Amino acid sequence: MASSEIEVVSSESQPKTQQIAIIDVFTASAYGDFDKLRKFVEEDGASVTTPDGNGYYALQWAALNNFLDIAQYIIEHGGNVHASDNNKQTALHWAAVRGSIAVADLLLQNGARVEATDVNGFRAVHVAAQYGQTAFLNHIIAKYHADYDVPDNDGRCPLHWAAYKGFTDTIRLLLFRDASQSRQDKEGCTPLHWAVIRGNVEACTILVHAGTKQELLVKDKAGFTPIQIASDKGHRQIALFLSHAARTNSNHLMDKFCSGRVGDVGYAPILFCAIIVEVILFINSVLAAPNLPRITAIVGLWGWIGVSLAIGSLIMFYRCSSKDPGYIKKHGGLDGFEDTEDPLLNIDMNNSSGWTGDWSQLCPTCKIIRPVRSKHCPLCKHCIEQFDHHCPWISNCVGKRNKRDFFFFVCLGTLTSFVGASVAVHRIWTGIPALPADETWVHYVIIHHPGIVAFLFLDAIILLAATTLAIVQASQVARNITTNEFSNSIRYGYLRGPNGQFRNPYNHGCRKNCSDFLIRGYTEDEIAWPPLQRVAT
Ligand SMILES: [Zn+2]
Ligand SMILES: [Zn+2]
């Protein structure tokens, strides 16, 4: 899949004004030397309307490097906005390579055709997708109504190209605008096929989450589905993800169970039953066991504290699994703007609606511009504010509105199972009589107290899981970072400082992070948000 030829040209035109001699109108245009350009034209009588030896025009060079004043000057001196090189590429094609929005505006306002095609059938939208120029692509779609679902000569749309090149922001934008996912090129490949061929996990994830899942079953001309291609090419992670997505979509109960879902119920009923069974075992086989000595007052007190903690855990379990974790309503997305204006039209100039210049804020599934730190959950089918993770054991997402309940739940779980285990061990320790020499301690307990053994076995699993979760959650609360941000920090531009190092702008210091979390349940993001206008710059 060979992309636009401009790739070759642009690599030669890095800004090297110091070393490269400005010898003609083409080099002057390419390197932005306006004074020299005027000298060549006005004193030496050079033409800006004829191409150089390779067939490229001065206007193309100016467009490539976004030199607005030079492009304006060339047009004023007869430069033709429709002029195309040997590949039939116009200045607008070249502007798309580096996302030169200002020059593109100038060209289009001077009559350039946004739908001009080159020899490969590439339009500016294809070139922008090939080079990941998301802001440029959005601009020509929103302002000049460029067709973003148009195929090139090989039947590939901008989404095919963005998927192949792995430009996830561009994929998000195109899906947000409802670009077709099911279109097959001349080789029968959908955008998902191409993302799989290149082995780009994030691109595949976005496409699958926003798709209808039918794309998973589409076969290319050679008869391969994306899952088969992923296996053949050795992209194990993608093959697993796609198979999982196919199972989630399947109607077979066993498939749903294996993929972490039984309908929309998840594993929550299993955990609920396990807690109830634990409480019954504890009361019957530990506190009131007939074959153990009568319980002392102090151990009895601890026992009932354990039962009360278990009831508290159940209440928190109910709260965090039934509560809205922070669903983002379709407010500020396309819905509210449908009849008025495109919400992405002036996105780079409008910072007031929570747009920070991060394209990951677009949800291609919900069609909303969401706040930073949120993420779409394919199981809950919503974008969740301050998304932490989807927990199958509570059958709900953990997010801004239920994270504190979740944290209390795991803390109570840890405490309950610790108290339960301590009381059970104490009961066995003090209740076993002197054993004959041929009887082992473990054997005696298993034979005479199977209820306690079952309780301790289940309790140990819960204690281990709850303690691990409580420690992880506590450390993340102290740093005000979510599980999602912690595991995927590389994906989020807002978690990187100017030098590319990890930086968490939401960390207000351990004390404030913890007090905000414990008192309010979450922290306000706006406080720490530094003005970031990545798109505008
Ligand atoms: Zn969403
Ligand atoms: Zn979820």
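Since this is a predicted model, take the numbers as computed values, not measurements. (Residues numbered from 1 in each chain as written. Chains lettered and ligands numbered in written order. Predicted model: local features only at pLDDT ≥ 70, side-chain atom pairs only at ≥ 80, totals over all residues. Heavy atoms only, no water.)

Turning next to the coordination of the zinc ion (ligand 2). At the metal site, the zinc ion (ligand 2) is ligated by Cys 377 (SG), Cys 380 (SG), His 390 (ND1) and Cys 397 (SG), and these contacts range over 2.0 to 2.2 Å. Here the zinc ion (ligand 2) binds four donor atoms, and the angle range of 101 to 117° at the metal identifies the geometry as tetrahedral. In the primary structure, the donors to the zinc ion (ligand 2) are separated according to the pattern C-x2-C-x9-H-x6-C. You can see Cys 377 sitting in strand 3 (residues 375–377) and its partner Cys 397 sitting in strand 6 (residues 396–398), a full 20 residues away along the chain. The class for Cys 397 is buried, based on a relative accessible area of 0%. (Donors = N, O, S within 2.8 Å, 3.2 Å for Na, K, Ca; no water. Tetrahedral: all angles 85-135°; square planar, octahedral: opposite > 155°, others 65-115°. Helix = DSSP H or I, 4+ residues; strand = E, 2+ residues; numbered from the N terminus. Buried < 20%, exposed > 50% of the residue type's maximum accessible area, 1.4 Å probe, protein only.)

Around the zinc ion (ligand 1), the donor atoms from the protein are Cys 363 (SG), Cys 366 (SG), His 376 (ND1) and Cys 383 (SG), and they sit 2.0 to 2.3 Å away. For the zinc ion (ligand 1), the four donor atoms in the first shell make angles of 97 to 122° at the metal, so the coordination geometry reads as tetrahedral. Coordination of the zinc ion (ligand 1) draws on donor residues from a single chain, spaced C-x2-C-x9-H-x6-C in sequence. Within this pair, whereas Cys 366 is found in the loop between strand 1 (362–363) and strand 2 (368–369), its partner Cys 383 is found in strand 4 (residues 382–384), the two being separated by 17 residues in sequence. The burial state of Cys 366 is the same as that of Cys 383; both residues are buried.

A complete count under the given rule lists four cavities of 30 Å³ or more for this structure. For the largest cavity, the calculated volume is near 150 Å³. Looking at the lining of the largest cavity, the elements that each hand over two or more residues are helix 21 (450–479) and helix 23 (510–520). Broken down by class, the residue content of the lining of the largest cavity amounts to four nonpolar, eight polar and three charged. (1 Å grid on protein atoms, 1.4 Å probe; cavity = no way out; pocket = protein on both sides within 12 Å on 5 of 7 lines; lining within 4 Å. Points joined across faces, edges and corners; volume = space filled by probe spheres on them. Nonpolar A, V, L, I, M, F, W, Y, C, P; charged D, E, K, R; others polar.)

Residues Leu 37, Leu 107, Phe 136, Ile 140 and Ile 171 are the most contacted members of the largest nonpolar core, which totals 84 residues. Two domains share this core, each providing at least three of its residues, namely domain 1 (1–147) and domain 2 (159–259). Look past the residues within four positions of Phe 136 in its chain and what remains in contact with it is Leu 92, Ala 95, Ala 96, Gly 99, Ser 100, Ile 101, Ala 104 and Ala 128. Of all hydrophobic cores here, the second largest spans 18 residues; its members include Val 419, Ile 428, Ile 432 and Val 445. (Core = buried A, V, L, I, M, F, W, Y, C linked by side-chain atoms within 4.5 Å. Domains from an automatic or database assignment. Contact = heavy atoms within 4.5 Å.)

Right, let's get into the UniProt feature "transmembrane region" (unreviewed entry) in the protein. Feature annotation in UniProt places "transmembrane region" (unreviewed entry) on residues 265–289, 295–318, 406–429 and 441–472, given in this structure's numbering. For residues 406–429, the helix share is 100%, the strand share is 0%, and the end-to-end C-alpha distance is 34 Å. For residues 441–472, the end-to-end C-alpha separation is 36 Å, with 97% helix and 0% strand making up the annotated structure. (UniProt positions renumbered as here; feature names shortened; annotations may be inferred.)

So, on to the pattern of salt bridges. Inspection of every chain in the model, using the stated rule, returns 17 salt bridges. When the shortest N-O distance is used, the salt bridge between Asp 33 and Lys 36 registers 3.9 Å. For Arg 156, the salt bridge is made with Asp 154, and the minimal N-O distance between the two is 3.7 Å. Residues participating in the shared-partner salt-bridge network are Asp 154, Arg 156, Asp 185 and Glu 187. (Salt bridge = Lys/Arg side-chain N within 4 Å of Asp/Glu carboxyl O.)

So, on to the environment of Ile 428. Position of Ile 428 among the secondary structure elements: in helix 19 (residues 403–431). Since its relative accessible area comes to 4%, Ile 428 is described here as buried. Separated by 17 residues in the primary sequence, Ile 428 and Val 445 have C-alpha atoms spaced 7.8 Å apart.

Another aspect to go through is unusual backbone geometry. Located in the positive-phi region is Lys 367, a residue other than glycine, with phi close to 60°. For Lys 367, a relative accessible area of 18% corresponds to the buried category. Of note in this structure, Asn 480 is not a glycine but carries a positive phi near 50°. Within the secondary structure layout, Asn 480 lies in the loop between helix 21 and helix 22 (483–487). Asn 480 sits in the buried class, given a relative accessible area of 10%.

As a further point, take the confidence of the model for the protein. When pLDDT is averaged along the protein, the result is 85, and 86% of the positions lie at 70 or above. Low pLDDT, under 50, characterises residues 527–537; the stretch is placed with 27 contacts to residues that sit more than four places away or in other chains. (pLDDT = per-residue confidence, 0-100.)

All right, on to helix 10 (residues 158–165) then. In an α-helix, one full turn covers 3.6 residues, which means residues spaced three or four apart are oriented alike. Counting buried residues along helix 10, seven of its eight residues qualify, which places the element largely inside the surrounding structure. Check the buried side of helix 10 and you find it contacts helix 8 (124–130), helix 11 (168–176), helix 12 (191–198) and helix 13 (201–210). Looking at the residues trailing helix 10, positive phi occurs at Gly 166, about 80°.

A word on the side chain of Lys 367. Relative to the helices and strands, Lys 367 resides in the loop between strand 1 and strand 2. Within the local environment of Lys 367, its side chain forms a polar contact with the side chain of Asp 178, the two groups lying 3.0 Å apart. (Polar contact = N/O pair within 3.5 Å; in protein donor to acceptor, adjacent residues only side chain to side chain.)

Under the criterion given, the structure shown has 15 aromatic pairs. Considering the side-chain rings of Tyr 494 and Tyr 506, the 5.9 Å spacing of their centres and the 75° angle between planes classify their relative orientation as edge-to-face. With Tyr 494 in the loop between helix 22 and helix 23 and Tyr 506 in the loop between helix 22 and helix 23, this residue pair connects regions lying 12 residues apart in the sequence. You'll find Tyr 494 and Tyr 506 in the same group, each marked buried. Ring-pair connections join several aromatic residues into one group, and the members of that group are Phe 122, Trp 161, Tyr 164 and Trp 194. Seen from the ring of Phe 34, Arg 38 lies directly overhead, with NZ or CZ sitting 5.3 Å from the centre. A cation over an aromatic ring shows up here: Lys 400 above the ring of Tyr 522, its NZ or CZ 4.5 Å from the ring centre. (Phe/Tyr/Trp six-rings, centres within 6.5 Å; stacked < 30°, edge-to-face > 60°. Lys NZ or Arg CZ within 6 Å of the ring centre and 35° of its normal.)

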